[in-house]
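Notes for the structure review
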There are 2 protein chains.
Amino acid sequence: MTLINHKFLLAARPMGMLKRTDWTFTQEPVAEPNEGELLVQLLYISLDPAMRMWLNDVRSYTPPVGIGELMRALGVGVVKASLNPRFEIGDHVSGLFGVQEYALTDGRGVTKVDTRAVPLPKYLSALGMPGMTAYFGLLDTAQPNPAETVVVSAAAGAVGALVGQIAKITNCRAVGIAGGAEKCRYIVHELGFDAAIDYKSEDVKQSLQKHCPRGIDVYFDNVGGTILEAALSNLARGARIVICGAISQYNNSGPMAGPRNYMSLLSNRATMKGMLVFDYVDRYPQARAEMAGWMAEGKLKSREDIVDGLETFPETLLKLFKGENLGKLMLKVG
Amino acid sequence: MTLINHKFLLAARPMGMLKRTDWTFTQEPVAEPNEGELLVQLLYISLDPAMRMWLNDVRSYTPPVGIGELMRALGVGVVKASLNPRFEIGDHVSGLFGVQEYALTDGRGVTKVDTRAVPLPKYLSALGMPGMTAYFGLLDTAQPNPAETVVVSAAAGAVGALVGQIAKITNCRAVGIAGGAEKCRYIVHELGFDAAIDYKSEDVKQSLQKHCPRGIDVYFDNVGGTILEAALSNLARGARIVICGAISQYNNSGPMAGPRNYMSLLSNRATMKGMLVFDYVDRYPQARAEMAGWMAEGKLKSREDIVDGLETFPETLLKLFKGENLGKLMLKVG
């Protein structure tokens, strides 16, 4: 029996908001593993804001996806065949497998995951890249002290929801900025944030002033644009801004908006620092263990927004940029 | 004999580039010191880019100068009368005396300076606020390591010229960005910078790439705008940007330009940090001693651009924003 692999290739360098014609949906027979390789059947594919950045032809931390190439994506799946001694048929694994049904890989960057205690999709959310990003971005890059005020944008998103909860675990005040009443209710009542600001109905700058009367000590930025500016306008002295993402700007057809009030860094002796989760790969196991412990204690929750069907990839990805997902967005495959 | 004090008051909240009608030039009899006070005759008044920021009605590290108030300025002078036990007639002093001929003060923030080894104007340049800014901004905020590449903008200015020289003393490579061939020649041939980029005749982004083939490790920014963006485009991994000033933006009538490519902080795991020299007051004596030592050894030079006449203040201040000064700009009074 020949297996068929369906996959999405990048068809064109996109301008502005993504559209279906930016992609080619194609198929091919699945090849057999050679010596050292394994074949993974994808079960869940992670959809992340950073994907939009990987499509731009600019120098960044990773080369852009080339025209005609498989779209890059993290995923989790099950090993269907293996000529690699590290992996056996039936193992669950995570890796950068791409937007497709089957991935043939030499095993580099592939990690075995344990699904006995934790369901597989969590390895794309709290125990995956978003979890590691929240953990190291907050605890290592920002280094919050107890009783400090931590503000996070895209607070109902995969990373933001975890940042706020880890801030609470660290005995900080957590204030989240999110779009819409449902997300705001979720982060306060289900996740335990101290306050939520609905950027769709509130003046974020004024609301930050209200909820952070002594100023913002840590601002974890996932969105950029005017919300970053609102945070810069409300910094406490010695504040740390973690630059993790800028989702509001990724689909601009022109350049991003730069923070016009960045001189607030000077008047507040503040720091703005970029972080990339991949720098912490060596420390993932320790962080995953701590996060899993918090999850088992009920201190850390994550929600996954799972959409069925590989073929929906182009439209499902747009949910991120429209703010339509609640929790970690991913595709269920097969 | 009654002494007359001439002084500049802020007449109006300026919009865009400063003009003479933003100021009131006025005079009054000089009062006698009361108990605890001293009377200082100003000899040199410091003209600094930050003065433009002090005129805007925005929250910053210091309140704006009020309409009708004496224009704030650093200065050095000589004590003419004293009922303060810390000071005697004939002492040379520095302090925030304002743009005027005579200052009556209770002595708070006033420092005695020693003019036997170092001429008085140096206490407004290398041994004054610009010197302390360069010293702590580079050594404390950026913490350059030997062999790293340090880039500084406004490199022929009061702060920038010192930053490059201290970078060389620290065994770094120093690359300066300045306006015009004369300034570029000065920083390379007289101050010992490794390279200079003339932003008036070169593409700064391309020239930075040429002169910093391994990227910029430390960027000390005095100017903001497109030069800050050019630096962000050429960062080395782990780069530190010191936000010290943004002179290219101070006379905008609208908001400043924010750095549109600030996400380079993320791809390069870089840091942008604001610094304010006043935070280091306790450490000035140690820094002054070290700087004076370097000056005595001939390793650190400073040039002063001294303009005669208090009454020229409005026009002389504009030299800063037109890039017409070479070295520390100050007024000679009396």
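From a predicted model like this one, the values you see are computed outputs, not experimental measurements.

Moving on to the overall build of chain A. On a plain count of helices and strands, chain A comes out with 9 helices and 15 strands. Its C-alpha atoms give chain A a radius of gyration of 20 Å, near enough to 20 Å, the size a compact globule of 334 residues would have. Considering only contacts in chain A between residues 6 or more positions apart, those separated by 24 or more positions represent 66%. Entry remark: accessible area of chain A is about 13,500 Å², with carbon and sulfur atoms responsible for 51%. Between the averaged position of the 35 positive side-chain charges in chain A and that of its 34 negative side-chain charges there is a distance of 6 Å.

A few words on the environment of valine 188 of chain B. Residue and element names in this part refer to chain B. If you trace the backbone, valine 188 turns up in helix H4 (residues 181-190). Valine 188 gets classed as partly exposed once you look at its relative accessible area, which sits at 26%. In this structure the C-alpha to C-alpha distance between valine 188 and valine 175, which are 13 residues apart in sequence, comes to 8.8 Å. Beyond its immediate stretch of four places on either side in the chain, valine 188 contacts Phe193, Ala195 and Ala196.

Turning our eyes to something else, we now look at the relation of the copies chain A and chain B. Superposing chain A onto chain B requires a rotation of 180° together with a translation of 0.0 Å along the rotation axis, leaving an RMSD of 0.0 Å. In short, the pair behaves as if placed about a two-fold rotation axis. Scanning chain A for the C-alpha nearest the rotation axis identifies glycine 258 of chain A, at a separation of 2.0 Å. Mapped onto chain B, 100% of the interface residues of chain A again fall at the interface, so both copies present the same surface.

Our next topic: the packing of aromatic side chains. In the structure shown here, the tally under the stated rule is 14 aromatic pairs over all chains. Aromatic side chains phenylalanine 136 of chain B and tyrosine 280 of chain B sit 4.5 Å apart centroid to centroid with 10° between the ring planes, which places their arrangement in the stacked category. Placement of the pair is phenylalanine 136 of chain B in helix H2 (residues 129-142) and tyrosine 280 of chain B in the loop between strand E13 (271-274) and helix H8 (284-296), with a sequence separation of 144 residues. Take phenylalanine 136 of chain B: its relative accessible area is 1%, and that puts it in the buried class. Among the aromatic side chains, those forming a connected cluster through ring pairs are Phe8, Trp23, Phe25 and Phe313 of chain A.

What follows deals with the interface of chain A and chain B. Facing 37 residues of chain A, the contacting portion of chain B comprises 37 residues. Taken together, both faces of the contact between chain A and chain B bury some 2,800 Å²; the carbon and sulfur share is 61%. Ranking the residues of chain A by area buried against chain B places Tyr262, Leu266 and Arg269 of chain A at the top, with a combined share of 23%. For the pair chain A and chain B, the number of links is 4 salt bridges.

Our focus in this paragraph is the pattern of salt bridges. Residue and element names in this part refer to chain B. Taken as a whole and assessed by the stated rule, the structure comprises 36 salt bridges over all chains. For aspartate 22, the salt bridge is made with lysine 19, and the minimal N-O distance between the two is 3.2 Å. The residue aspartate 305 makes a salt bridge to lysine 319 at a minimum N-O spacing of 3.5 Å. Here aspartate 305 is found in strand E14 (residues 304-308), whereas its partner lysine 319 is found in helix H9 (residues 313-322), with 14 residues between them in sequence. Residue class for aspartate 305 comes out buried when judged on its relative accessible area of 14%.

Residue and element names in this part refer to chain A. Even without a glycine there, the phi angle at glutamine 143 is positive, about 50°. When you line up the elements, glutamine 143 lands in the loop between helix H2 (129-142) and strand E8 (149-153). Phi at alanine 154 takes a positive value of approximately 50°, unusual for a residue other than glycine. Here alanine 154 is to be found in the loop between E8 and helix H3 (158-169).

Time to look at the confidence of the model for chain A. Summing up the model confidence of chain A, the mean pLDDT is 96 and the portion of residues at 70 or higher is 100%. The complex prediction reports pTM at 0.93, with the ipTM value standing at 0.92.

Okay, the environment of leucine 320 of chain B next. Residue and element names in this part refer to chain B. Along the chain, the position of leucine 320 falls in helix H9. Note on leucine 320: relative accessible area 9%, which makes it buried. Residues leucine 320 and proline 49, 271 residues apart in the sequence, show an inter-C-alpha distance of 6.6 Å. Apart from the residues within four sequence positions on either side, leucine 320 is in contact with Leu47, Asp48, Pro49, Ile247, Asn325 and Leu329.

Let us look at the sheet that holds strand E9 (residues 173-178) of chain B. Strand order in the open sheet formed by 12 strands is E10(A)-E9(A)-E8(A)-E11(A)-E12(A)-E13(A)-E13(B)-E12(B)-E11(B)-E8(B)-E9(B)-E10(B), and the pairing between neighbours is mixed. In this open sheet, the two edge strands, each paired with only one partner strand, are strand E10 (195-198) of chain A together with strand E10 (195-198) of chain B. Strand-to-strand twist in this sheet, taken as the mean axis angle between neighbours without regard to direction, amounts to 15°. Relative to strand E12 (residues 235-243) of chain B, strand E11 (residues 216-221) of chain B runs parallel, the two sharing 5 bridges.

Moving on, we get to the pairing of strand E5 (residues 92-95) of chain B. Residues and elements named next belong to chain B. Summarising the sheet, strand E4 (residues 75-82) and E5 pair through 4 bridges and their orientation is antiparallel. From the neighbouring strand, valine 76 faces E5, where its bridge partner is serine 94. Across 2 bridges, the pairing between E5 and strand E7 (residues 111-112) is antiparallel. The residue bridging valine 93 from the neighbouring strand is lysine 112, located in E7.

This paragraph deals with the nonpolar core. Residues Leu208, Met272 and Phe313 of chain A together with Leu208, Tyr219, Met272 and Phe313 of chain B are the most contacted members of the largest nonpolar core, which totals 128 residues. Non-local contacts of phenylalanine 313 of chain B, meaning those with residues more than four positions away in its chain, are made with Phe8, Trp23, Leu47, Met51, Met71, Val99 and Leu331 of chain B. One finds Met132, Val159, Phe220 and Met291 of chain B within the second-largest nonpolar core, a separate group that totals 51 residues.

Glancing now at helix H9 (residues 313-322) of chain A. Residues and elements named next belong to chain A. Of all 10 residues in H9, 8 are buried, a share of seventy percent or more. For H9, the full list of buried residues reads Phe313, Pro314, Thr316, Leu317, Leu318, Lys319, Leu320 and Phe321. Where H9 is buried, its residues touch strand E1 (4-10), strand E2 (23-29), helix H1 (50-53), strand E14 (304-308) and strand E15 (328-332). Within two residues after H9, glycine 323 carries a phi angle of roughly 70°, on the positive side.

Here the focus is helix H5 (residues 204-211) of chain A. All names here are of chain A. Within H5, the full set of buried residues consists of Val204, Ser207, Leu208 and His211. Down the axis of H5, the buried set is contained in an arc of 105°. They therefore lie on one face. The exposed set on the far side of H5, more than 90 degrees from its buried face, consists of Gln206, Gln209 and Lys210. Contacts from the buried residues of H5 go to E8, strand E9 (173-178), E10, strand E11 (216-221) and helix H6 (225-232).

Below, the discussion takes up the packing of H2 of chain B against helix H3 (residues 158-169) of chain B. All names here are of chain B. One can describe the packing of H2 onto H3 by two numbers: an axis separation of 8 Å at closest approach and a directional angle of 45°. With respect to their mutual orientation, H2 and H3 come out oblique. Handedness of the crossing formed by H2 with H3: right-handed. Taking contact as the criterion, the partners of Pro130, Gly131, Thr133, Ala134, Tyr135, Leu138 and Leu139 in H2 are, on H3, Ala158, Val159, Leu162, Val163, Ile166 and Ala167. Here the contact of H2 with H3 is composed, by residue class, of 11 nonpolar, 2 polar and no charged.

Criteria and cut-off values
- Residues numbered from 1 in each chain as written.
- Chains lettered and ligands numbered in written order.
- Predicted model: local features only at pLDDT ≥ 70, side-chain atom pairs only at ≥ 80, totals over all residues.
- Heavy atoms only, no water.
- Helix = DSSP H or I, 4+ residues; strand = E, 2+ residues; numbered from the N terminus.
- Rg over C-alpha atoms; globule rule 2.2 N^0.38 Å.
- Contact = heavy atoms within 4.5 Å.
- Areas by Shrake-Rupley, 256 points an atom, 1.4 Å probe, with all protein chains shown as cover.
- Lys, Arg positive; Asp, Glu negative; His and termini not counted.
- Charge placed at Lys NZ, Arg CZ, Asp CG, Glu CD.
- Buried < 20%, exposed > 50% of the residue type's maximum accessible area, 1.4 Å probe, protein only.
- Least-squares fit on C-alpha atoms with pLDDT ≥ 70 in both.
- Phe/Tyr/Trp six-rings, centres within 6.5 Å; stacked < 30°, edge-to-face > 60°.
- Buried area = accessible area lost by both parts, 1.4 Å probe.
- Salt bridge = Lys/Arg side-chain N within 4 Å of Asp/Glu carboxyl O.
- pLDDT = per-residue confidence, 0-100.
- Pairing = 2+ DSSP bridges.
- Axes fitted to C-alpha atoms, helices over the stretch in contact; angles between N-to-C directions.
- Core = buried A, V, L, I, M, F, W, Y, C linked by side-chain atoms within 4.5 Å.
- Arc of directions from axis to C-beta.
- Parallel < 35°, antiparallel > 145°, perpendicular 65-115°, else oblique.
- Left-handed = near helix turned anticlockwise from the far one by under 90°.
- Nonpolar A, V, L, I, M, F, W, Y, C, P; charged D, E, K, R; others polar.

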